[in-house]
Amino acid sequence: MKEYRGFPVSPGIARGPAFVFQGDDGFVAPSFALAEEDIEGEWSRLLVAVEKAKSDVSSLRSRALEEVGRDQANIFDAHLLMLDDPDFFDNIEARLRSSLRNIERVIVEIEGEFVDRLSNVPDPELRARVTDIRDVSRRILGHLLNTERRTLADLDEDVIVVARDLLPSDMMTMNRPRVRGIVTEAGGRTSHVAILARAFEIPAVLGIGESLEDLEDGTALVVDGSAGLVVADPDEQTLLRAEAARLRGEANARVLACLRDLPAETRDGLRVLVKSNIEVPDEADSVLPHGADGIGLFRSEFLFFRPGHIPGEEEQYQAYRRVLEALPGHPVTIRTLDIGGDKILPEFVAAGEKNPLLGWRAIRFCLTRTEIFMSQLRAILRASVHGDARIMFPMISTVEELDQALGLLEEARRECRSRGQDVSESLPIGIMIEVPSAALTSDLLASKCDFFSIGTNDLTQYTLAVDRGNERVAALHNPLHPSVLRLIDLTIRNGRAAGIPVGLCGEMAGDPASALLLLGMGLGEFSMSSPSVPAVKQLIRSVTTVEARAVADEVLGLGSAKAIGARLDGLLAGLLSERGGACSADQGPRPD
Ligand code: PEP
Ligand code: MG
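Conventions and cut-offs
- Residues numbered from 1 in each chain as written.
- Chains lettered and ligands numbered in written order.
- Predicted model: local features only at pLDDT ≥ 70, side-chain atom pairs only at ≥ 80, totals over all residues.
- Heavy atoms only, no water.
- Pairing = 2+ DSSP bridges.
- Helix = DSSP H or I, 4+ residues; strand = E, 2+ residues; numbered from the N terminus.
- Axes fitted to C-alpha atoms, helices over the stretch in contact; angles between N-to-C directions.
- Contact = heavy atoms within 4.5 Å.
- Donors = N, O, S within 2.8 Å, 3.2 Å for Na, K, Ca; no water.
- Buried < 20%, exposed > 50% of the residue type's maximum accessible area, 1.4 Å probe, protein only.
- pLDDT = per-residue confidence, 0-100.
- Right-handed = clockwise from strand over helix to strand, strands pointing away.
- Salt bridge = Lys/Arg side-chain N within 4 Å of Asp/Glu carboxyl O.
- Near = heavy atom within 4 Å.
- Polar contact = N/O pair within 3.5 Å; in protein donor to acceptor, adjacent residues only side chain to side chain.
- Areas by Shrake-Rupley, 256 points an atom, 1.4 Å probe, with all protein chains shown as cover.
- Parallel < 35°, antiparallel > 145°, perpendicular 65-115°, else oblique.
- Left-handed = near helix turned anticlockwise from the far one by under 90°.
- Expected span 1.5 Å × (residues − 1).
- Phe/Tyr/Trp six-rings, centres within 6.5 Å; stacked < 30°, edge-to-face > 60°.
- Lys NZ or Arg CZ within 6 Å of the ring centre and 35° of its normal.

Caption draft 1: Expanded view of the sheet that holds strand S12 (residues 388–393). Ordered in space as S9-S10-S11-S12-S13-S14-S15-S16, the 8 strands form a closed barrel in which the pairing is parallel. Neighbour-to-neighbour, the strand axes of this sheet turn through a mean angle of 30 degrees, independent of strand direction. Relative to strand S16 (residues 525–529), strand S9 (residues 273–278) is paired through 5 bridges, and the arrangement is parallel. The residue bridging Val-274 from the neighbouring strand is Phe-526, located in S16. Relative to S12, helix H12 (residues 370–383) is tilted by about 160 degrees, and along the sheet it contacts strand S11 (331–335) and S12.

Caption draft 2: Region of interest: the sheet that holds strand S2 (residues 7–10). Taking strand neighbours across the sheet as the criterion, the 8 strands line up as S1-S8-S7-S3-S4-S5-S6-S2 in an open arrangement whose pairing is mixed. Whereas interior strands pair on both sides, the edge strands pair on one side only; in this sheet they are strand S1 (2–5) and S2. The average angle at which neighbouring strand axes cross in this sheet is 30 degrees, direction not considered. When strand S4 (residues 159–163) meets strand S5 (residues 179–184), the two strands line up parallel, connected through 5 bridges. Looking at S5, one finds that Ile-160 is bridged to Gly-181. With respect to the sheet, helix H8 (residues 192–199) is in contact with S2, S5 and strand S6 (204–206), its orientation differing from that of S2 by roughly 50 degrees. Helix-sheet contacts for helix H9 (residues 236–257) involve strand S3 (13–21), strand S7 (220–224) and strand S8 (229–232), and the interaxial angle to S3 is about 115 degrees.

Caption draft 3: Examining the coordination of the magnesium ion (ligand 2) more closely. Glu-434 (OE) and Asp-458 (OD) make up the full set of protein donors to the magnesium ion (ligand 2), lying at 2.0 to 2.1 Å. Of this pair, Glu-434 sits in the loop between strand S13 (429–433) and helix H14 (436–440) while Asp-458 sits in helix H16 (residues 456–464), placing them 24 residues apart in sequence. A single burial state applies to Glu-434 and to Asp-458, both of which are buried.

Caption draft 4: Expanded view of the confidence of the model for the protein. In this model, the protein carries an average pLDDT of 89, and 92% of its residues clear a pLDDT of 70 or more. Between residues 588–592, whose pLDDT stays under 50, and residues either more than four places distant or in other chains, the model counts 6 contacts.

Caption draft 5: View of H16. For H16, the tally of buried residues reaches 8 of 9 residues, placing the bulk of the element in the interior. Taken together, the buried positions of H16 are occupied by Thr-456, Asn-457, Asp-458, Leu-459, Thr-460, Gln-461, Tyr-462 and Leu-464. Immediately beyond the C-terminal end of H16, within one or two residues, lies Ala-465, with a positive phi of roughly 55 degrees.

Caption draft 6: Molecular detail of the pairing of S16. Most of S16 is tucked away, with 5 of its 5 residues classed as buried. Taking the sense of rotation as the criterion, the β-α-β connection linking strand S15 (residues 502–504), helix H18 (residues 512–520) and S16 turns out right-handed.

Caption draft 7: Expanded view of the pattern of salt bridges. Counted under the stated rule, the structure contains 49 salt bridges. A salt bridge links Lys-54 to Glu-51, with the shortest nitrogen-to-oxygen separation between them at 3.5 Å. Pair noted here: Lys-54 and Glu-51 are both in helix H1 (residues 39–67), with a separation of 3 residues, about one helical turn. Its relative accessible area of 47% is what places Glu-51 among the partly exposed residues. Across the pair Arg-164 and Glu-471 runs a salt bridge whose closest N-O atoms are separated by 3.4 Å. Of the two residues, Arg-164 is situated in the loop between S4 and helix H7 (168–173) and Glu-471 in the loop between H16 and helix H17 (482–498); the sequence distance between them amounts to 307 residues. Look at Glu-471 and you get buried, because its relative accessible area is 17%.

Caption draft 8: Examining the site of ligand 1 more closely. Around ligand 1 lies a shell of 17 residues, among which Arg-299, Arg-335, Gly-455, Asn-457 and Arg-468 are the nearest. Here an oxygen atom of ligand 1 and a backbone polar atom of Gly-455 are 3.4 Å apart. Interatomic distance of 2.7 Å between a side-chain N/O atom of Arg-468 and an oxygen atom of ligand 1. Calculation on ligand 1 without its partners gives an accessible area of 290 Å², and the protein chains cover 100% of this total. Looking at the shell around ligand 1, the elements that each hand over two or more residues are H8, strand S10 (295–299) and H16.

Caption draft 9: Expanded view of the side chain of Arg-413. Here Arg-413 shows up in helix H13 (residues 399–418). Within polar-contact distance, the side chain of Arg-413 engages the side chain of Glu-410 at 3.1 Å. Setting aside residues up to four positions removed in sequence, Arg-413 forms contacts with Leu-381, Val-423, Ser-424 and Glu-425.

Caption draft 10: Representation of the packing of H12 against H13 within the structure. Put simply, H12 and H13 touch, their axes get as near as 9 Å, and they point 60 degrees apart. By the angle between their axes, H12 is oblique relative to H13. Considering how the two elements wind past one another, H12 and H13 form a crossing that is right-handed. When H12 is examined against H13, the residues Thr-370, Phe-373, Met-374, Leu-377, Arg-378, Leu-381 and Arg-382 are found in contact with a partner set consisting of Ala-405, Leu-408, Leu-409, Glu-411, Ala-412, Arg-413, Glu-415 and Cys-416.

Caption draft 11: Layout of H12. Its 14 residues give H12 an end-to-end C-alpha distance of 20 Å, which sits within 8% of 20 Å, the value for a rise of 1.5 Å per residue. The element H12 is extensively covered by neighbouring structure, given that 12 of its 14 residues are classed as buried. Three or more residues of H12 are buried, namely Ile-372, Phe-373, Met-374, Ser-375, Gln-376, Leu-377, Arg-378, Ala-379, Ile-380, Leu-381, Arg-382 and Ala-383. Taken together, the buried residues of H12 touch helix H10 (313–326), S11, helix H11 (362–368), S12 and H13.

Caption draft 12: Just the packing of aromatic side chains, in detail. Scanning the entire structure with this criterion turns up 6 aromatic pairs. Ring centres of Phe-298 and Tyr-320 lie 5.9 Å apart, and the angle between their planes is 75 degrees; on these two criteria the pair is classed as edge-to-face. Separated by 22 residues along the polypeptide, Phe-298 in strand S10 and Tyr-320 in helix H10 bring together distant segments of the chain. Residue Phe-298 shares its accessibility class with Tyr-320, and that shared class is buried. The structure contains a cluster of three or more aromatic residues connected by ring pairs, namely Phe-88, Phe-89 and Phe-114. One residue, Arg-176, lies across the ring of Phe-200, its end atom 3.7 Å from the ring centre. A cation over a ring is seen here: Arg-382 above Tyr-317, with NZ or CZ 4.2 Å from the ring centre.

Below is the structure:
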């Protein structure tokens, strides 16, 4: 038995065998010279391998259709087309004959040439083919070398995924119903793997400080995503404890489920909004069942993280419309594309930026790649007539950026009208406050938009100069640091002074102890992953505004994140044990 400790990023208990995911790093194909008479034999080996690859992909496609959906199946359709592409094979055959090198070597060379050529073409659709080419050639090589190539999309049994790190695209393409848990060496609480694990309700422990190299495929694991603990080869007692924790978690969720139809209202009658963050359109279906008041953040960039596929205007329109129609009468805030930084999309963003987190990211990217931005804006505008839509720009750091974004939005509106397409006349436009410059000038920005949403994941990263995805400094990434709290406080005050609503959609909003403080600071809207909604509602219904304000006054005077966190935890525990019955509809006697 061996224990590993990491960050508890997505709650729940999972048990299962390890699936050690290597990605493509470090693959080296054998290379050797052939004699003329070996060529036919090499060619036949290739044909056998291609047939096997086709049969893999066909069964993956059928399973994806049954278990995950059309989007996933489309990826495999593209792979089948490539496996039947005569140009690809003509190229391989010609090179095999001219170079007299083994077939594996030839495939790797041709793959490299295709990838180099496509990586530099201006058309993102074409650049997106890089991932397909890599995937297909690696699958053929796997059969040639008799090394089974298992990707996360291939999973056909329940497993715990163990990896050094995962990309957003790994998370989007994995065969989700088979992933019981996730364990990675890298990452922290607000990294995108963490956000997606919570969205998909997969227990996860990230940022294990030590190497996971000694874990082998099939090792029995227990993952406690609430405690940040992973146990390899667990003994009987550990298994019993895990089962008890799982049952406790289920019982707690059943208790909180009764909050679903009750409002997020304090004991003295202040109604606030508790909304959900979503990453993929299907998540919209679980927003109302968790008792949320709408969607405070739809991270639209995840529509773009399907390898080999860039969604155009029509496809985006359908996705936004689907989300809006899943929540009739409820507000849905769609955030425009936030790629770059740690959300690298190789088809769009040139690799090799020295400081991607400070670089060509989010609104900065969109204001230069206006054709991509405009097609997204048109898609959102067109979808806006199907519900209560709002639009939000990420990573605004100057007033000029907001002015430019608003100008392009107007242009997109005119384009839709000239095409005869309906768009909502009253679409509120907000911005994320997630860069210190935006918080510090929130008085100026407030006069130009309809709402603020504070993104504490990035605001903390940029205020404290701490990479939110780097496990080595993850302990420093704490939104309760007095500097971050002062920026939040200033933003709330400036928003209120300008009469615009201020929400917060960083991970902090879903933590009840932090929510107690934020409520006391005057925050009116909390947006979080759907499973966190009931516990935050419980907190809000357990407290009065006067009490919450007293909490804020007290802890804002403390000098460190550690002291603030400890005090908030203590105050929350006291409140919940005293008030307990969060599910009573009338919340008990109201204070005077
Ligand atoms: C944030 O930065 O707090 C936020 C909500 O945006 P994201 O996590 O997608 O960067
Ligand atoms: Mg952000």
